[in-house]
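Structural overview for review
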Amino acid sequence: MSKIKIAELFYSIQGEGRYMGVPSVFLRTFGCNFKCQGFGMPRGELSQEANNIDPAKYIDYKMLPLVSTGCDSYASWDPRFKDLSPMLTVDAIAERICEIIPHNEWRDEHLVITGGEPLLGWQRAYSDLLDHPKMQGLKEITFETNGTQKLTPDFKQYLHTWKSHHDKDFWREITFSVSAKLPCSGEKWEDAICPEIVCEYEEYGTAYLKFVIATEQDFEDAMTATKEFRAAGFTGHVYLMPVGGVESVYALNNRRVADLAMKNGLRYSDRLQVPLFKNEWGT
Ligand code: SF4
């Protein structure tokens with residue numbers, strides 16, 4: 001039976017993007033191809049905040065410190081924290097989901113498969129998970145990806161079956177929420193901006209871009225990246241989202257980023273998990 005290494009599995013409200021406000025199950029897979037140590041740092045500097053956390057002091061995700069710089073989900077990919085993420089069978093995952101949703105079965109809830117980077121090797125397990133008898137009522141699924149991972153031939157074939165279903169009892173809406181990493185993340189442009197890969201996601205579901213913005217330079221980078229995606233044929237929406245995994249940073253940015261989005265006719269994504277839940281683990 002397929003297994004997935006799970007950093008977190010929890011029920012909350014989606015705070016970002018297309019499904020903002022929708023009750024959602026979050027399945028956070030372990031592993032990422034990036035580190036994003038540049039977030040919240042002066043350009044060219046890398047955060048050491050997560051590196052300074054001693055994993056030996058923590059036995060549970062909920063006890064881990066939040067960081068205000070670098071990747072705010074550092075424990076979902078940093079190997080030093082891997083023992084906090086159990087390898088679970090799809091049976092165990094489906095069972096656990098039914099325990100945590102309000103009616104113990106899927107109704108209006110949406111599933112967010114996030115990370116880390118959820119389109120790394122775990123693609124091989126998603127068909128078993130999504131076809132599980134306890135997942136049958138699920139209708140809407142979002143993959144929160146950094147947009148650098150190609151879909152595998154097997155997973156494309158699987159997604160095609162949902163895309164081609166016209167019977168509403170079998171219909172599923174697949175979304176790729178692509179948080180393409182700009183230079184403010186600390187990642188290299190040529191590794192992070194992958195238009196051909198993201199264009200392919202559009203063949204298997206709805207894809208949109210979500211750029212994290214802290215400064216005018218980030219906005220300009222987002223527009224340069226958008227031009228590259230459009231030139232490759234990308235047709236989806238573009239969201240601007242304020243930087244800020246902690247409330248003090250988020251509050252400095254949210255209104256300014258909303259103004260930038262309005263002025264340029266782009267979509268604004270909040271990060272509702274920050275004002276609502278202080279972005280604690282498990283929210
Ligand atoms: S891509 Fe996402 S999960 Fe991976 S390091 Fe960057 S912010 Fe963190």
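The structure contained in this document is the topic of the report that follows. (Residues numbered from 1 in each chain as written. Predicted model: local features only at pLDDT ≥ 70, side-chain atom pairs only at ≥ 80, totals over all residues. Heavy atoms only, no water.)

**Points about the overall build of the chain**
Short version of the rule: A helix here means a DSSP run of H or I that spans at least four residues, while a strand means a run of E at least two residues long, and both kinds are numbered starting from the N terminus. Each radius of gyration reported is based on C-alpha atoms, and the globular scaling rule is 2.2 Å times the count of residues to the power 0.38. Should any heavy atoms of two residues lie within 4.5 Å, those residues are considered in contact. Per-residue and other accessible areas were derived by the Shrake-Rupley procedure at a 1.4 Å probe size, with only the shown protein chains allowed to occlude residues. In this tally, Asp and Glu contribute negative charge and Lys and Arg positive charge; neither His nor the terminal groups of the chain are included. Every charge is mapped to an atom, namely NZ of Lys, CZ of Arg, CG of Asp or CD of Glu.
A count of helical and extended segments in the chain gives 8 helices and 9 strands. A compact globule built from 283 residues should have a C-alpha radius of gyration of about 19 Å, and the chain, at 18 Å, falls within 12% of that. Taken over the C-alpha atoms alone, the chain extends approximately 50 × 50 × 30 Å along its principal axes. A sequence separation of at least 24 residues applies to 77% of the contacts in the chain between residues at least 6 apart. Accessible area for the chain stands at about 12,900 Å²; split by element, carbon and sulfur atoms hold 52% of it. In the chain, 31 side chains carry a positive charge and 40 a negative one; their mean positions are 1 Å apart.

**Quick notes on the pattern of salt bridges**
Oppositely charged side chains can form a pair if their charged atoms are brought close together. Here is the rule we go by: Only one rule defines a salt bridge in this text: a Lys or Arg side-chain nitrogen within 4 Å of an Asp or Glu carboxyl oxygen. Each residue's exposure class comes from its accessible area (1.4 Å probe, protein chains only) as a fraction of the maximum for that residue type: buried when under 20%, exposed when over 50%, partly exposed otherwise.
Summed over the entire model, instances satisfying the criterion amount to 12 salt bridges. Among the ionic pairs, R28 bridges to E8, the shortest N-O distance being 2.8 Å. With R28 in strand β2 (residues 23-29) and E8 in strand β1 (residues 3-13), the pair connects residues that are 20 residues apart, well separated along the chain. Neither residue differs from the other here; R28 and E8 are each classed as buried.

**Section: the site of the ligand**
What counts, and what does not: Throughout, near means a residue has at least one heavy atom within 4 Å of the molecule or strand. Note on residue classes: Ala, Val, Leu, Ile, Met, Phe, Trp, Tyr, Cys and Pro are nonpolar, Asp, Glu, Lys and Arg are charged, and everything else, Gly too, is polar.
In the vicinity of the ligand, the contacting residues are C32, F34, K35, C36, C71, S73, W77, G116, N146 and K181. A breakdown of the residues in the shell around the ligand according to their chemical character gives 5 nonpolar, 3 polar and 2 charged.

**Details of the packing of helix α1 (residues 90-100) against helix α2 (residues 123-130)**
Short version of the rule: Each axis is a line fitted through C-alpha atoms, taken for helices only over the stretch in contact, and angles between the N-to-C directions span 0 to 180 degrees. Every angle not falling under 35 degrees, over 145, or within 65 to 115 is termed oblique; those three ranges are roughly parallel, roughly antiparallel and roughly perpendicular. Handedness of a crossing is defined here by the sense of rotation of the near helix relative to the far one, left-handed for an anticlockwise turn of less than a right angle and right-handed for a clockwise turn.
For the pair α1 and α2, the least separation of the axes is 9 Å and the interaxial angle reads 55 degrees. Judged by the inter-axis angle, α1 sits oblique to α2. The interaxial crossing formed by α1 with α2 has right-handed handedness. Residues V90, I93 and A94 of α1 form the contact with α2, whose own contacting residues are A125, D128 and L129.

**Description of the side chain of S185**
For the record, the criterion: Whenever two N or O atoms come within 3.5 Å, that pair is a polar contact, provided that in protein one can donate a hydrogen and the other can accept it, and provided that, for residues adjacent in sequence, both atoms are side-chain atoms.
Residue placement: S185 occurs in the loop between β6 (173-178) and α4 (189-192). Within the structure, S185 has its side chain in polar contact with the backbone nitrogen of E187 (distance 3.1 Å). Ignoring anything within four residues of it in the chain, the contact list for S185 reads C36, Q37, G38 and F39.

**Comments concerning the environment of K139**
Assignment of secondary structure puts K139 in the loop between α2 and β5 (140-145). Using a relative accessible area of 24% as the deciding quantity, one classes K139 as partly exposed. Through-space distance from the C-alpha of K139 to that of H110 is 7.1 Å; in sequence the pair is 29 residues apart.

**Notes on the sheet that holds strand β9 (residues 267-268)**
To keep things clear, this is the line we draw: Pairing between two strands is assigned when DSSP locates at least 2 bridges connecting them.
Pairing is mixed in the open sheet, where 9 strands are placed in the order β3-β1-β2-β4-β5-β6-β7-β8-β9. In the strand order of this sheet, the two ends are held by β3 (87-89) and β9, each with one partner. Of the pairings in the sheet, the one linking β6 to strand β7 (residues 206-213) comprises 4 bridges and is parallel in character. Bridge pairing in β7 places S177 opposite Y208. Of the strands in this sheet, β1, β2 and β3 touch α1, which is tilted by about 10 degrees from β1.

**Topic: the packing of aromatic side chains**
Applicable threshold: Put simply, two rings from Phe, Tyr or Trp (the six-membered ring, in Trp's case) pair if the centres are within 6.5 Å, and we call them stacked under 30 degrees between planes, edge-to-face over 60, tilted for the rest. We count a charge as sitting over a ring when the NZ of a lysine or the CZ of an arginine lies within 6 Å of the ring centre and within 35 degrees of the ring normal.
In total, this model carries 10 aromatic pairs according to the counting rule given. When the ring of F229 is compared with that of F234, the centres are 6.1 Å apart and the planes differ by 65 degrees; the resulting orientation is edge-to-face. Considered together, F229 and F234 belong to a single accessibility category, that of buried residues. Among the aromatic residues, those joined into a cluster by ring pairs are Y126, F143, F155, Y158, F176 and Y201. Across from the ring centre of F30, 5.4 Å away, lies the NZ or CZ of K5, which sits over that ring.

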